[in-house]
Amino acid sequence: METRGGFLISRIKQVGGRLFDRMLTQANVDAFNGAQGRILYVLWQEDGVTISQLSSRTSLANTTLTSMLDRMEQGGLIRREPSPRDRRALLIRLTDEARVLKADYDRISQQMNDLYYAGFTEAEVRQFEGYLARVLDNLEGGK
């Protein structure tokens, strides 16, 4: 059986990423790009995580993440601080400037969701996301 799932997922990621970046630009949100938004999203959910936790939650390689965090720190979005529990670990924390950007990110994310799921019923969205979760589980070595 010939399948195109991986190809379609890759295309959705590419097209969606370009569209998200364009929507950020049109909304005059220039403090971060779409890839940095993934990092901010994780930090908005839980501030003060390690680089390895960020890597796991964003699926970005540590080397890629480190250079992105350097740019985000220079841009005033994050700061690194020593962990009080582990002297070897650094925690990535949001700045006040980054916290303020959450409302813009949420609004544009909702616009993206509206595009992704245009014409879908709630049941179809749940079913589709269930399938995607199973594919991800398969790829991550689950059952």
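All figures in this text were calculated on a predicted structure; none of them were measured in a lab.

Cut-offs and rules
Residues numbered from 1 in each chain as written. Predicted model: local features only at pLDDT ≥ 70, side-chain atom pairs only at ≥ 80, totals over all residues. Heavy atoms only, no water. Pairing = 2+ DSSP bridges. Helix = DSSP H or I, 4+ residues; strand = E, 2+ residues; numbered from the N terminus. Contact = heavy atoms within 4.5 Å. Axes fitted to C-alpha atoms, helices over the stretch in contact; angles between N-to-C directions. Polar contact = N/O pair within 3.5 Å; in protein donor to acceptor, adjacent residues only side chain to side chain. Core = buried A, V, L, I, M, F, W, Y, C linked by side-chain atoms within 4.5 Å. Buried < 20%, exposed > 50% of the residue type's maximum accessible area, 1.4 Å probe, protein only. Parallel < 35°, antiparallel > 145°, perpendicular 65-115°, else oblique. Nonpolar A, V, L, I, M, F, W, Y, C, P; charged D, E, K, R; others polar.

### As for the sheet that holds strand E2 (residues 78–82)
Consider a sheet: its strands pair through backbone hydrogen bonds, and that pairing is either parallel or antiparallel.
Move 1: Ordered by their spatial adjacency, 3 strands build an open sheet running E1-E3-E2, and the pairing between neighbours is antiparallel. Of all strands in the sheet, those bounded by a partner on one side alone are strand E1 (49–50) and E2.
Move 2: The sheet contact formed by E2 and strand E3 (residues 90–94) spans 5 bridges and is antiparallel. Each bridged residue has a counterpart across the sheet, and for Arg80 the counterpart in E3 is Ile92.
Move 3: Along the sheet, helix H4 (residues 62–74) contacts E2 and E3; its crossing angle with E2, the most-contacted strand, is approximately 110°.

### Concerning the side chain of Thr95
Move 1: Tracing the backbone shows Thr95 in the loop between E3 and helix H5 (96–100).
Move 2: There is a polar contact of 2.5 Å between the side chain of Thr95 and the backbone oxygen of Gly76.
Move 3: When near neighbours in sequence (up to four residues on either side) are disregarded, Thr95 contacts Gly76, Leu77, Ile78 and Arg79.

### Details of the nonpolar core
Move 1: In terms of nonpolar packing, the biggest core is built from 26 residues, with Phe32, Ile39, Leu40, Leu43, Leu54, Leu69 and Leu77 touching the most fellow members.
Move 2: Every element with two or more residues in this core is listed here: helix H1 (5–26), helix H2 (34–45), H4, E3 and helix H6 (102–116).
Move 3: Ranked by the residues each element gives to this core, the list is headed by H2, at 5 residues.
Move 4: Once you skip the residues sitting within four places of it in the chain, Leu69 turns out to touch Ile39, Ile51, Leu54, Ile78, Arg80 and Ile92.

### Overview of the packing of helix H3 (residues 51–58) against H4
Packed helix pairs are specified by the crossing angle of their axes together with the interaxial distance, meaning the distance between the axes.
Move 1: Between H3 and H4, whose axes approach to 10 Å, the crossing angle comes to 110°. Considered as vectors, H3 and H4 are oriented roughly perpendicular to each other. When H3 is examined against H4, the residues Ile51, Ser52, Leu54 and Ser55 are found in contact with a partner set consisting of Asn62, Leu65 and Leu69.
Move 2: Of the residues belonging to the contact of H3 with H4, the class tally is 4 nonpolar, 3 polar and no charged.

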